[in-house]
Amino acid sequence: MPGEIPATLNREEAVLYAQLDPARLPRHIAIIMDGNGRWAKQRFLPRIEGHRTGVKAVRNTIRMASDIGVLALTLYAFSNENWKRPRHEVDFIMMLVQRSLCNELPALRENNVRVSCIGRCHELPTSVQDVIAMACEGTAQCTGLRLNLALNYSAKAEIADAVNAALRQRNGSPAPVTEEDISQHLYTRDLPELDLLIRTSGELRLSNFLLWQAAYAELYVTPLLWPEFGGASLLEAILDFQKRDRRFGGLSMAAEAVAAESSGKSSQ
Ligand code: FPP
């Protein structure tokens, strides 16, 4: 029932949820999961321990997004640029993605979560591609949260791919490519508009993530390192989102009313 606190929430989460307007949830939330390495360093642990603990944060965040009825959640799990990291770290992240998807598949299905992936996934190791295919096919009938994993993802590559796909579709027509053409060929074309983009670890950068889609998304940066993020943190980000006045280049409701009143007066 709308407005009812989901039974799965703990006390802290329930208190936060009670302050939300469930009718105005962001439809699509994307997260730059940053700070695993720093989290590990603070604890004198190897970087990979940060990634390992980061998976728990992934699980808690998905659970919360699913429980409260967010439509889509895009997680930046591996960028094109991440190949520059030491080989053992790259291998470890690939193993984590593979193992997490395998282990979590039954729970994802039980919770009606549909998995999809964006990025140049055909360049990932074959074993990872196989598990991705299994997770996407195994959840294709799910109608709840859309969990969209960005893997080997680069926003600039996505825009280039979209422009090329749009050009191919025009069959040599000289008509210019429009913004609409590009939007229709983005990897995220079947997802709701991006409403909220979260970044952990306090960095103020988009890091080549969803550059087109972020045009009018609300940005939320938290100093928490990714392994420290969880269900309550997601609710705090949504509460902050709900305080924003989204104008999309126009005027706020209040300013519109003043403008309408003054133009009414001037035309009288
Ligand atoms: C950024 O922290 C984190 C990553 C590049 C990897 C994130 C991947 C996971 C948590 C595994 C994801 C698994 C699934 C199933 C989605 P960083 O290493 O850049 O941290 P730093 O900036 O502190 O060094």
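Above this text you will find the structure in question.
Please read all numbers here as calculations on a predicted model, not as lab measurements.

K.L.:
Explanation requested: the overall build of the chain in the structure shown.
P.N.:
If you tally the helices and strands in the chain, you get nine helices and six strands. The globule rule puts the C-alpha radius of gyration for 268 residues at 18 Å, and the 20 Å found for the chain is close to it. C-alpha atoms of the chain, sized along the principal axes, occupy 75 × 60 × 40 Å. A buried classification covers 34% of the 268 residues belonging to the chain. For the chain, restricting intrachain contacts to residue pairs at least 6 apart in sequence, the fraction spanning at least 24 positions comes to 75%.

K.L.:
Explain helix H6 (residues 155-169) here, please?
P.N.:
An α-helix turns once every 3.6 residues. As a result, residues three or four positions apart point the same way. With 15 residues, H6 extends 21 Å from end C-alpha to end C-alpha; this agrees with the ideal 21 Å at 1.5 Å per step. Listed in full, the buried residues belonging to H6 are Ala155, Glu158 and Ala162. Buried residues of H6, seen end-on, are gathered within an arc of 55 degrees and therefore sit on one face of the element. In H6, those exposed residues whose orientation departs by more than 90 degrees from the buried face are Lys156, Ala160, Asn164 and Arg168. Where H6 is buried, its residues touch helix H7 (179-185). Positive backbone phi, approximately 55 degrees, marks Asn171, located one or two places after H6.

K.L.:
Got a minute to help me understand the packing of helix H4 (residues 87-110) against helix H5 (residues 126-138) in this structure?
P.N.:
Describing two packed helices takes the angle between their axes plus the distance from one axis to the other. Where H4 meets H5, the axes come as close as 9 Å, and the angle between the chain directions of the two elements is 15 degrees. The orientation of H4 with respect to H5, classified from their angle, is roughly parallel. Helix-helix and strand crossings are classified by hand; for H4 and H5 the assignment is left-handed. Only Ser127, Val128, Val131, Ile132, Ala135 and Gly138 of H5 make contact with H4, whose side of the interface consists of Met94, Val97, Gln98, Leu101, Cys102, Leu105 and Arg109. In the contact of H4 with H5, the residues fall into nine nonpolar, three polar and one charged.

K.L.:
Help me out: how do you make sense of the packing of helix H3 (residues 47-68) against helix H8 (residues 231-243) in this one?
P.N.:
Closest axis-to-axis distance for the H3/H8 pair is 8 Å, and the angle between their directions is 50 degrees. By the angle between their axes, H3 is oblique relative to H8. Viewed along their axes, H3 and H8 form a crossing whose handedness is right-handed. Contact residues: H3 offers Asn60, Thr61, Arg63, Met64 and Ala65, while H8 offers Gly231, Leu234 and Leu235. Split into classes, the residues belonging to the contact of H3 with H8 amount to four nonpolar, three polar and one charged.

K.L.:
Help me out: how do you make sense of the site of the ligand in this one?
P.N.:
Neighbouring the ligand are 20 residues; Asn36, Gly37, Arg38, Gly54 and Ser100 lie closest to it. Listed by contribution, the elements that provide at least two residues to the shell around the ligand are helix H2 (36-42), H3, strand E2 (72-79) and H4. Looking at which element gives the most residues to the shell around the ligand, the answer is H4, with five residues. Looking at the shell around the ligand residue by residue, the class counts come to 11 nonpolar, seven polar and two charged.

K.L.:
Can you walk me through the environment of Asn112 in this structure?
P.N.:
Within the fold, Asn112 resides in the loop between H4 and strand E3 (114-118). Look at Asn112 and you get partly exposed, because 13 C-beta atoms sit within 10 Å. Through-space distance from the C-alpha of Asn112 to that of Ser66 is 8.5 Å; in sequence the pair is 46 residues apart.

Quick notes on the rules
- Residues numbered from 1 in each chain as written.
- Predicted model: local features only at pLDDT ≥ 70, side-chain atom pairs only at ≥ 80, totals over all residues.
- Helix = DSSP H or I, 4+ residues; strand = E, 2+ residues; numbered from the N terminus.
- Rg over C-alpha atoms; globule rule 2.2 N^0.38 Å.
- Buried ≥ 20, exposed ≤ 12 C-beta atoms within 10 Å, placed from the backbone.
- Contact = placed C-beta atoms within 7 Å.
- Expected span 1.5 Å × (residues − 1).
- Arc of directions from axis to C-beta.
- Axes fitted to C-alpha atoms, helices over the stretch in contact; angles between N-to-C directions.
- Parallel < 35°, antiparallel > 145°, perpendicular 65-115°, else oblique.
- Left-handed = near helix turned anticlockwise from the far one by under 90°.
- Nonpolar A, V, L, I, M, F, W, Y, C, P; charged D, E, K, R; others polar.
- Near = placed C-beta within 6 Å.

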